[in-house]
Amino acid sequence: MKLTVLLLTTGFLTVSATGVSQNINFSGKEVPLETVFSEVKKQTGFVFLFSQSVLADTKPVTIEVSNVPLSTFLDLVCKNQPIKYKIRSKSIFISAKPITESSNGQLTSDGTFDILKDTLIDVRGRAVNTNGSPLRGVSIVRKGTTTGTFTDDQGNYSLSNVPANATLQFSFVGMKMQEIAIGNKAVINVVMEVVEAGMNEVIVTGYSTTAKKNLTSSVASADVESMQKKAVVDVTQALQGNVSGVNITAIGGNPGEDMVINIRGLSSLSGETTPLILVDGVQVEGGLRNINPNDIKSIQVLKDASSAAVYGSRAANGVILVTTKKGEQNLRAKVTYNDYFSSQVPYKGISVTNSKEYTSILQKMYGNDLSGADNAPQAALDYIADPGNFSDFNWQEAIYRPAFMQAHDLSVSGGGPSGTYRISLGNVSQNGIALHTKYNRTNVRANSEFNVSNFIKIGQTFSYARSLFKREPNAYGRGLFYHAIRMYPYFQPKDQNGNWQESDDYWGGGTERSVESGIRNPLAFINKLWDAAEVGNDLAMSGYAEITILRGLTYKINGAYAQIDRSEWEKYSAKGEEFSDYYYSDDNSYSRSKNKSYNWNIDNLLRFQRKIGKHNLDVTVGYVAQKWYSDELGGYKWNFTSDQTSSLDAPGGMDPDTWSSSTEHALLSYLGQAFYSYDDRYLVTVNFRRDGSSRFHTGYRWGNFPGVSLGWRLSNEKFWEKSGLVNAITDFKIRAGYGILGRQNLGDYDYIATLENEYAVFDNDPRLSLITGNPVSYDTKWEELVSKTVGIDYELFNGKVNGSFDYYNNETRGMIIGVPISPSVGGGVRQGNLGEITNKGFEMTINYKNKIGDFSYNVGFNLSTQKTILVNFGSDLSTQEDELGGDASNLPEWDVEHITELHKGRGLSEFWLIKTNGLFKNDEEAQQYLNKNGEMIQPFAKAGDIKFIDYNGDGQITAEGDRQFCGTGIPKVYAGFNFTASYKQIDLYIGATGAFGQVIYNTTRYLTEQNHGFGNFSTALLDAFDPVSNPNSNIPRLNPDDIGENGNTRAATDRYIEKGNYVKIRNIELGYTLPEKIEKRIKMSSARIFARVQNLANITRYTGPDPEIGGTPTNWQAHPSLYTAGIPRDFTPQARSYQFGVNVTF
Amino acid sequence: MKTLIEIMPKCAHSILTLLLILLSVSCSKNFLDLKNTNDLTSDNFFKTPRDFEYAINAVYRSAEGVRDDDRQHINVQQARGGESDLVSVHNQEFFNYTNDVTNALSGGLYANLYHLIYRANTVLYEMDVNKDVQWDNERQKELISAQAYFFRGLGYFYLAHSFGEVAIVTTPAFTEVDRTPVKATIPEVYDQAIADLKLAKAGLDEVPDVIGTVSKGAATGFLGKTYLYRASYLSENEYYALAAAEFKEVMDMGIYGLVDDYVDNFTDKNENNIESLFELQYLYAPELDDVPAQFRGITSVPGIAEQVVVRPSKWLMETMSTEKDVNGNYDVRYLETVYFHGGLDLFGVPYNQLCGGMAVVDGDHYEGGCPDGSGDTTGGYWRKYLNVSDDFEQVSYDRGASNNERILRYADILLMYAEAEIKSEGSLADAAAAVKQVRDRAHLSDKTWTSDDELMTEIKHQRILEFTYENTLYFDLIRWGDLGAAIQDHGNDVQKISYNPVKHKYFPLPLEDILSNKNLKQNEAW
């Protein structure tokens, strides 16, 4: 025995001498030893010496290591094998393990005699990172016990009286845990490696997990590390450009606004179109807005039905799974502090005329004394008479300001052998560049997990977020931007007495509803008239228990609760006479409302995992119950005695209005998920979910949603290795998936008829009548999304390059849309399964990483295309007016009505407009533009008027007949680019996104290039056509009677259509990690400072403020992308900001 | 590793866990059955007799659909029969017989009639499925269902002669099968109306407890009218005798008669009187939301009218003014029907002082008109159904009136009886006696008729005098096969060209109904 020990010790010592420079990377499942040996030989040049008979009784091994010393690797290989090894020079001798009796002759569990069990030794060593710097605070624990220690400032540790056969676990946050068998070694040094995303990354797929390399469906994993380098308030912003196929658009640049997330195109026209978001298994309804980005450990996006099917309903829009950070076992408390400060730079604005230019344009049209104008503003006349009495005011500068922002984040995490914890506290405070806008959020999160015994684990998550949100005012029905670009340039916000003044007839406004009368002093609105805020209290928590019933069989019960509580108030003060117009609410009014939506779910999951030889099976079955509630209560009064009122009970309030509603819906689900693989080569995933929703009538309540996906890892085939492909393509997998997902896009109680209430009269006696309203539909059933995906995953040159490629084809069948009910059976509209919509596209990602000396870098690029086709949406043609019941008064006060249309068999938000062909250079040209009867097609046209194309050839220009397709507002291609690099202490990150193929209707130009009315003009009008002085201009002549004549300024023309392609440089960050010496001096384990620029540049040919078109600050729109993608309206562009911050860990 | 397995027998542990799972899975059976607490819903209604009374009230309310909202439809439909000239630019296609399947006037009537049927069906269906309602007595239940049958029968009566081949719907629609009924033949539609009205007749009281609710007389009258229309529309002559028998039954009830004052049929002074078998109950009550009121005024006379839609035709005024009464005056029915120069004042304004109108603008009344009498002295305006018992001060175009709309009058019973009696080769004397009653009320001199044809001519003439502007003439002309001749005689040029007796016997089914029900086919002529 002693001899053996001596031999082994010698062996180890030898190894430690040579092994330092001989590290091994190896990954494989069930690999025969011969293959392992040849791989080691390839990597080290060491030769193996053995006889075949020695290997006869060995088992294939499953090992995943990277960069471990050769000896450690060989220990793992020989563990539980009847062989041992010796290293001499460049040779490794393999021989049979001698069957020796141990001191007490015990058989060890693996059938060999344990010769080291009772030998107690002292172990010491050092833990360093891959740069060779020592790591402080690495925990070293004897496996299966609570005994252990931490490394000191030098990364050194020592342990006494450890059994020689023990295994040590080395762990450190953010680094791979390593297990090293002591094997009688006295010195064990480890190199801790940062956990890197790669093929071995664990991916959450529904209710279970799998290694990325074994994925058979389209699951994308966000690069959390680079995300956290974007100093964003909302995680959604960070996801932009990070995951292919996940298209995110900001509604605007105001802080706290929700963002629009869309996965693989819009595939339904009603109900929720945002993906299902689960944070630690808790369904979060309010988007990702209120989550502290620093709490996030991983984000995974399930994009196709074969993966998402396990989530059944709601998953049809895709699923975003967020996992938050947890503490690590056997680690001393670690404190991390991050903070940054930022200054946002106001947007420069568009070019509008100053007072002098403005009046000169008016004079050109109406004569020097403006006598040609009806109701010329007196102010303009006064200005012309004596410009010295007026001064210019820059309204765009007045509404956009430099804005400050700061964020702080503190977390403590750690754990002992019986459990882990992590607690974090974060605060972010952001003022928007638009006046009044503000977002302030405080987050608390506490996660913990405990091992109750070897077979029971319990855990919990808790998060709370309190937010204050001040949105951009809906000033007189419009955003600030509208007023700023249209306000008369000589108009001052305050009069000579220092009172806020409002525009009126004198300035050029009016009290009648018109484009003109909408132009009002936004500063007065914000400072004198109006205030509003929204306070949010969001809560999410979950608790779970996991019980190991048998080996491989676990039961998990998870209960979750999430709540979104919003409290809003809005007040108006007394407007006074000069503010009297209809845009304004009642004097001294105050309204307040509370909205609470909450949901809970209970998941029961039984999971069985077993590996038998090359067969690997992982089955999960479950039962989930889920319920959602929503409650609203609100009240309103006006005429309070004071405008400082913050209570509905304040003195003087009158005409109370109250409202309330409360709804709920529930879902029951049975689910199953099975993963099977053979030899890591042939992979099958089967999902099934059966959902029952309270929104459907009893007989149509249940829907079955299966998904199946197959994968084939060609790189694990023998021929792959034999052909030598393996040298270039380390990993290659093809996969295909098919699945059906359901949507319940219905109201909560659509199948329950509500009663109508009227009066009937009997001999002059009115009596109440009540009866069922229009018929309800019992047979509305689940809307189905049939999703097909094929794709490949690859890794080249040992992981230097990796990526994937996907093609998807999603068809929504039986889409729930409003369908008219025949008048003969009662009339009305039901929600019926009649619509059909398809989405197709490609997605690709490619990442390249490399290291040259101390310089390492990583380039990531992703790209996705999408094409949406409305196969059937109930009609052949629809405009937004149709959508809103054919009543134009239901339309928002939109600048341009009816410029987009939906056509059966075509895409979304398509511009159908009259095309133009420049200007008539002279009157003759206009007169020669004739129809077949010899009449002028544009009878009023003169030199300098726009030539419109008579598309239908009927000899006249009409909005009904001459519309042509002029592009779509929805991008065809989205792209994202991420670059990270580090050199010694310095790191750099650059992130960019782009969108291509869309057009934008430049409403800003449309608004300011109209020459009628008295609102301010674009400076482009200074260059208007003039037959004498400016005959080559492309800007139509200034004709005050244009509306009744040629209609140059009509909205439905392609004149305002511009290419919308853009590339945005969103983030650049430069960081510097303090050298160890300094870190130590200031008692930190790591410290980093950084500087960032956000939204550095837009590369685009679009001439408006921001080519990323989201929604509007006034959230009227139900389906922004159906009709209004590509139509900007009043929104604040995203601001550029400069940031400076630190990350420190103690 | 010491697992639980080593502590307790394997199966015990597994069973324990599985029990735990089962416990958590065995969730309440009703987990997915949720209630809408924000609205009144049908699933917690129809539980008490009171609920059914509310529901049947709602059926009454939708009965106004036979006259359509704002009277646009009814006025233009009447104009088609030659009573009126359409002076509005709107709805000229309908007036001129150039309408198509998208026409909103006929489509509106169709939807209204089916809405009435839908509500009646709802009441009948809910009575059927809610077996455990605690009725005060059986009679209460019978009365509710008889009223529902009455209105469903009424609906099918109108559908049968207005639209011809339509779908017969007798239950509320919940599923695709319910929502896509097939078309029935015209006799089948009449059969449905007859069956329903028979059930109504059997179940209703002769004198209902509540004034304004439908009676046995109303059901009997409409049953007779249905027979008569069936006989004349479909040339099924055997139905004339059935019709005559029903009318006779009404006449023999002894509770109906003609009111002395003809105008009492149209104002709020003497509503639900002995002449009325069924009338739509109106009340102007702006303090309550949504009480049905009479709005004929808004289309009738300048100043009251938002816009005058129809004016009595020259032909009509000539027809009505020919026979003077025993005192040498205009027939009272002409005077009460048309407002014309030489006729009665309206709200105190003589016709020739009307000038620009009643001078009621934005609710402000001021003396308008031409006091010197220099105003318009040609043509007339409709006076019938203006609530002439109102004060001038109360009249305004945005104000409704309280006068009920009479749908079935005893005078109609008498004239229909006379017609059915003649056509069924019954007694000429009995028929003449009935016509005489109508003439007597109008103070016309005694007259004798020697042949059926002679009397029939008189009946046709009396129907014009009696019922003009009451939505009968147009359908009478179709029934009698006289519409084509009438159009050739006094229609306009467009009507003369476009009228097609086959096509225009019925209105088209609305396009929306064809589009949303794949089983429906348009009427052949359309």
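Bear in mind the structure is a predicted one, so any value in this text is a computation, not a measurement.

So, how was this worked out
- Residues numbered from 1 in each chain as written.
- Chains lettered and ligands numbered in written order.
- Predicted model: local features only at pLDDT ≥ 70, side-chain atom pairs only at ≥ 80, totals over all residues.
- Heavy atoms only, no water.
- Salt bridge = Lys/Arg side-chain N within 4 Å of Asp/Glu carboxyl O.
- Helix = DSSP H or I, 4+ residues; strand = E, 2+ residues; numbered from the N terminus.
- Buried < 20%, exposed > 50% of the residue type's maximum accessible area, 1.4 Å probe, protein only.
- Contact = heavy atoms within 4.5 Å.
- Buried area = accessible area lost by both parts, 1.4 Å probe.
- Polar contact = N/O pair within 3.5 Å; in protein donor to acceptor, adjacent residues only side chain to side chain.
- Nonpolar A, V, L, I, M, F, W, Y, C, P; charged D, E, K, R; others polar.
- Pairing = 2+ DSSP bridges.
- Axes fitted to C-alpha atoms, helices over the stretch in contact; angles between N-to-C directions.
- Patch = residues over 30% accessible without salt bridge, like charges linked within 9 Å, V, L, I, M, F, W, Y side chains within 5 Å.
- Areas by Shrake-Rupley, 256 points an atom, 1.4 Å probe, with all protein chains shown as cover.
- Phe/Tyr/Trp six-rings, centres within 6.5 Å; stacked < 30°, edge-to-face > 60°.
- Lys NZ or Arg CZ within 6 Å of the ring centre and 35° of its normal.
- Core = buried A, V, L, I, M, F, W, Y, C linked by side-chain atoms within 4.5 Å.
- 1 Å grid on protein atoms, 1.4 Å probe; cavity = no way out; pocket = protein on both sides within 12 Å on 5 of 7 lines; lining within 4 Å.
- Points joined across faces, edges and corners; volume = space filled by probe spheres on them.

1. Some details on the pattern of salt bridges
Pairing between side chains of opposite charge can happen when the charged atoms of each approach one another. Counted under the stated rule, the structure contains 81 salt bridges over all chains. In this structure, Arg1092(A) and Glu1069(A) form a salt bridge, with 2.5 Å as the shortest nitrogen-oxygen distance. Highlighted residues: Arg1092(A) in strand β53 (residues 1086-1100) and Glu1069(A) in strand β52 (residues 1062-1073), separated in sequence by 23 residues. Neither residue differs from the other here; Arg1092(A) and Glu1069(A) are each classed as buried. Of the charged contacts in the structure, one is a salt bridge between Arg409(B) and Glu466(B), with a shortest N-O distance of 2.8 Å. Residue Arg409(B) is located in strand β8 (residues 405-409), and its partner Glu466(B) is located in helix α16 (residues 452-467); the two are separated by 57 residues in the primary sequence. A single burial state applies to Arg409(B) and to Glu466(B), both of which are buried. Connected through salt bridges with shared partners, the residues Glu275(B), Asp331(B), Arg333(B), Lys384(B), Arg409(B), Arg441(B), Glu466(B) and Glu470(B) form a single ionic network.

2. With respect to the interface of chain A and chain B
Every contact between the two is made by 66 residues of chain A and, on the other side, 73 residues of chain B. Buried area between chain A and chain B, summed over both chains or domains, comes out near 5800 Å², and the portion from carbon and sulfur atoms is 64%. Between chain A and chain B we count 5 salt bridges in total. Across the salt bridge formed by Asp779(A) and Arg179(B), the nearest N and O atoms sit 2.8 Å from each other. At the boundary of chain A with chain B, the tally comes to 24 residue pairs in polar contact (both at pLDDT 80 or more). Ranked by the residues each element gives to the side of chain A that touches chain B, the list is headed by strand β31 (residues 654-678) of chain A, at 8 residues. For the side of chain A that touches chain B, the class distribution of residues is 35 nonpolar, 21 polar and 10 charged.

3. Some remarks on the sheet that holds strand β8 (residues 148-150) of chain A
Residues and elements named next belong to chain A. Strands sit in the order β8-β7-β10-β11 across an open sheet of 4 strands; the sheet is antiparallel. Of all strands in the sheet, those with a lone pairing partner are β8 and β11 (178-181), marking the two edges. The sheet shows a mean angle of 20° between the axes of neighbouring strands, taken without regard to direction. Two strands pair when backbone bridges link them, and strand β10 (residues 167-171) and β11 are joined in this way by 4 bridges, in the antiparallel orientation. In the strand pairing of β11, Gln-169 is matched with Glu-179.

4. Concerning the environment of Tyr347(A)
Residues and elements named next belong to chain A. Within the element layout of this structure, Tyr-347 appears in the loop between β22 (331-345) and α8 (355-366). Relative accessible area serves as the criterion here: at 17%, Tyr-347 is assigned to the buried category. Along the chain, Tyr-347 and Glu-546 lie 199 residues apart, while their C-alpha atoms are 53 Å from each other. Aside from chain neighbours lying at most four places away, what touches Tyr-347 is Gln-396, Tyr-400, Ile-433, Phe-481, Pro-1105 and Pro-1133.

5. Brief notes about a nonpolar patch on the surface
Together, Ile852(A), Phe855(A), Tyr983(A), Ile986(A), Leu1070(A), Tyr1072(A), Ile1089(A) and Phe1140(A) make up a nonpolar patch on the protein surface, roughly 720 Å² of accessible area in all. Its location among the elements puts Ile1089(A) in strand β53.

6. Description of the packing of aromatic side chains
Per the stated rule, a full pass over the model turns up 74 aromatic pairs over all chains. Between Phe390(A) and Trp507(A), the ring centres sit 6.5 Å apart and the planes meet at 85°, which makes this aromatic pair edge-to-face. In this pair, Phe390(A) sits in the loop between α9 (378-385) and α10 (395-399) while Trp507(A) sits in the loop between α11 (480-486) and α12 (522-529), placing the two residues 117 residues apart along the sequence. Of the two residues, Phe390(A) and Trp507(A), neither departs from the other in class, the shared state being buried. Members of the aromatic cluster, connected to one another through ring pairs, are Phe762(A), Tyr60(B), Phe150(B), Phe151(B), Phe157(B), Tyr158(B), Phe222(B), Tyr229(B), Tyr233(B), Phe278(B) and Tyr506(B). It is Lys596(A) that lies over the ring of Tyr598(A); its NZ or CZ is 5.1 Å from the centre. In this arrangement the basic side chain of Arg80(B) is found over the ring face of Phe94(B), its NZ or CZ atom lying 4.0 Å from the centre.

7. Observations concerning the nonpolar core
The biggest cluster of nonpolar side chains holds 137 residues, and the ones touching the most others in it are Val123(B), Phe150(B), Phe151(B) and Phe278(B). In terms of residues, this core owes the most to one element, helix α7 (residues 138-163) of chain B, which gives 12 residues. Those residues in contact with Phe150(B) that sit more than four places away from it in its chain are Leu197(B), Ala200(B), Leu204(B), Val214(B), Ala218(B), Ala219(B), Phe222(B) and Phe278(B). Formed by 58 residues, the second largest nonpolar core is a distinct cluster that contains Ala373(A), Tyr490(A), Ala1024(A) and Ala1051(A).

8. A word on unusual backbone geometry
Residues and elements named next belong to chain A. Although it is not a glycine, Asp-763 adopts a positive phi angle of roughly 50°. Structurally, Asp-763 can be placed in the loop between β35 (755-762) and β36 (765-772). What makes Asp-763 partly exposed here is its relative accessible area of 32%.

9. What about empty space enclosed by the protein?
Residue and element names in this part refer to chain A. Volume-wise, the largest cavity comes out at about 400 Å³. Those elements giving two or more residues to the lining of the largest cavity turn out to be β52, β53 and β54 (1136-1145). Residue composition of the lining of the largest cavity, by class: 10 nonpolar, 14 polar and 6 charged. Within this model, the second largest cavity holds a volume of roughly 250 Å³. Together, 27 residues line the second largest cavity, and Val-284, Ile-291, Ser-463, Asp-538 and Ala-540 are the ones closest to its centre. Going through the elements one at a time, β25 (438-451), β26 (456-470), β27 (530-550), β28 (553-572) and β29 (589-612) are the ones with two or more residues in the lining of the second largest cavity.

10. What to know about the environment of Thr663(A)
For Thr663(A), the location among the structural elements is in strand β31. Through-space distance from the C-alpha of Thr663(A) to that of Asn604(A) is 26 Å; in sequence the pair is 59 residues apart. Not counting residues within four places of it along the chain, the set of residues in contact with Thr663(A) comprises Trp628(A), Tyr629(A), Ser630(A), Asp748(A), Tyr749(A) and Asn38(B). Separated by 3.3 Å, the side chains of Thr663(A) and Asp748(A) make a polar contact.

11. Focus on the sheet that holds strand β21 (residues 319-324) of chain A
Spatially, β15-β20-β21-β18-β19 (chain A) is the arrangement adopted by the 5 strands of the open sheet, whose pairing is mixed. Edge strands, defined here as strands with exactly one partner in the open sheet, are β15 (219-221) and β19 (282-283) of chain A.

Remember that the coordinates give geometry; whether it matters functionally is a separate question.
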